[in-house]
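Coordinate analysis (summary)
The lines below spell out each chain.
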Amino acid sequence: MTPPDRSGRRSNVSLEERALNIRRKALRMGEIQGQGYIGQALGIADVLAATYFHALEYRPDDPEWEGRDRFLLSIGHYAIALYAALMEAGVLPEEEIETYGMDDSRMPMSGMASYTPGMEITGGSLGHGLGIAVGMAMGLRRKGNPALVYNLMSDGELGEGSTWEAVMSAVQWKLDNLICIVDFNNQQADGPTRDALAVAAEPPKWEAFGWHAQEVDGNDMDAVVAALDAARALAEPKPRVIICNTTMCKGVDFLERREITHFVRVEPDEWSKALAVLEEGKPQ
């Protein structure tokens, strides 16, 4: 497989530093609004860093480049995390960070493709991202475009019937250009995911449908990179899924310990404290 085009990117920045920068930017945006799905942003930062700065092929100055890999954010409320990654990638200017969630901003609190460069779909009503990814993957194949489609979805979406319809469709069409990434943080608005419908081990479910499945610690950078490499290099004509077990609010210990983290409450004086904690734990 042709390696990603990294022209114009800062190759001397480690993936761990990228993840730290994504967390910083997300916290800064959260502080501007005084709220946001910051627990998810902190938890998924490692996966986003590995995906954008190791796996994805794209051109920061040309988000509509036809040869780009497509990254779909099925979970629209994770937009704060993706904006941070897009800023770190140079797709969005960091100067716009102060506009997050404001009127006329290109960064609304829930992701919308019509507003934001690099935002491929409008996520939100959960359970639709993988179906859209299947359609995109089929379309790219029919056009002879070798680009890959990545779909980031939440563990809560595993309880949606439309997700499993998409799972079956991807196998039917042997979509080996489709990589699904599941953020399994075991948190939903109503409580732990495993208290809802996702009560069994995930890889065997996906494998039973015909997918190539991996499960990793989503906050272990080496593990995420290895899983992405394995998914991209797989020779079998089948779709691939990576289940990433992540910790909500990762990197900010006092937030990690909160009982409710799906929409974690951050007091006004805690944003600066959270940033300070990140600095203490930054890679050397």
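Residues numbered from 1 in each chain as written. Predicted model: local features only at pLDDT ≥ 70, side-chain atom pairs only at ≥ 80, totals over all residues. Heavy atoms only, no water.

1. Observations concerning the overall build of the protein chain
The condition is simple: Strands here mean DSSP runs of E at least two residues long; helices mean DSSP runs of H or I at least four residues long; both are numbered from the N terminus. Our radius of gyration looks at C-alpha atoms and nothing else; its globule reference is 2.2 Å times the residue count to the power 0.38. In this scheme, a residue with accessible area under 20% of its type's maximum is buried, one over 50% is exposed, and one in between is partly exposed, where area comes from a 1.4 Å probe on protein chains only. Contacts: residue pairs with any heavy atoms within 4.5 Å of one another.
Looking only at helices and strands, one finds nine helices and five strands in the protein chain. Listing the helices and strands of the protein chain from first to last along the sequence gives α-α-β-α-α-β-α-β-α-β-α-β-α-α. Its C-alpha atoms give the protein chain a radius of gyration of 18 Å, within 12% of the compact-globule value 19 Å for 284 residues. Seen along its three principal axes, the alpha-carbon backbone of the protein chain occupies a region of about 50 × 45 × 40 Å. Relative to its 284 residues, the protein chain shows a buried fraction of 53%. For the protein chain, restricting intrachain contacts to residue pairs at least 6 apart in sequence, the fraction spanning at least 24 positions comes to 76%.

2. What to know about the side chain of threonine 246
The residue threonine 246 is located in the loop between strand E5 (240-245) and helix H8 (253-256) in this model. Residue threonine 246 is classed as buried on the basis of its relative accessible area of 9%. Residues contacting threonine 246, with those up to four places away along its chain left out, are Gly43, Ile44, Asp183, Phe184, Asn185, Gly218 and Asn219.

3. Things to note about the environment of valine 266
Considering the arrangement of structural elements, one finds valine 266 in the loop between H8 and helix H9 (270-280). The class for valine 266 is buried, based on a relative accessible area of 10%. The spacing of valine 266 and glycine 36 is 230 residues in sequence and 9.2 Å in space, taken between C-alpha atoms.

4. Structural notes on the sheet that holds strand E3 (residues 178-184)
Selection criterion: Each pair of strands is called paired provided DSSP finds at least two bridges between the two strands. Each axis is a line fitted through C-alpha atoms, and for a helix only the stretch in contact is used; angles between axes span 0 to 180 degrees, taken between their N-to-C directions.
An order of E1-E2-E3-E5-E4 is seen for the five strands of this open sheet, with the pairing classed as parallel. The strands lining the two open edges of the sheet, one partner per strand, are strand E1 (70-73) and strand E4 (212-217). Each strand axis lies, on average, 20° off the axis of its neighbour in the sheet, ignoring direction. One ladder, built from six bridges, connects strand E2 (residues 149-154) with E3; its direction is parallel. Across the sheet, residue methionine 153 finds its bridge partner in E3, namely valine 182.

Without other data, these values stay purely geometric and don't point to any function.
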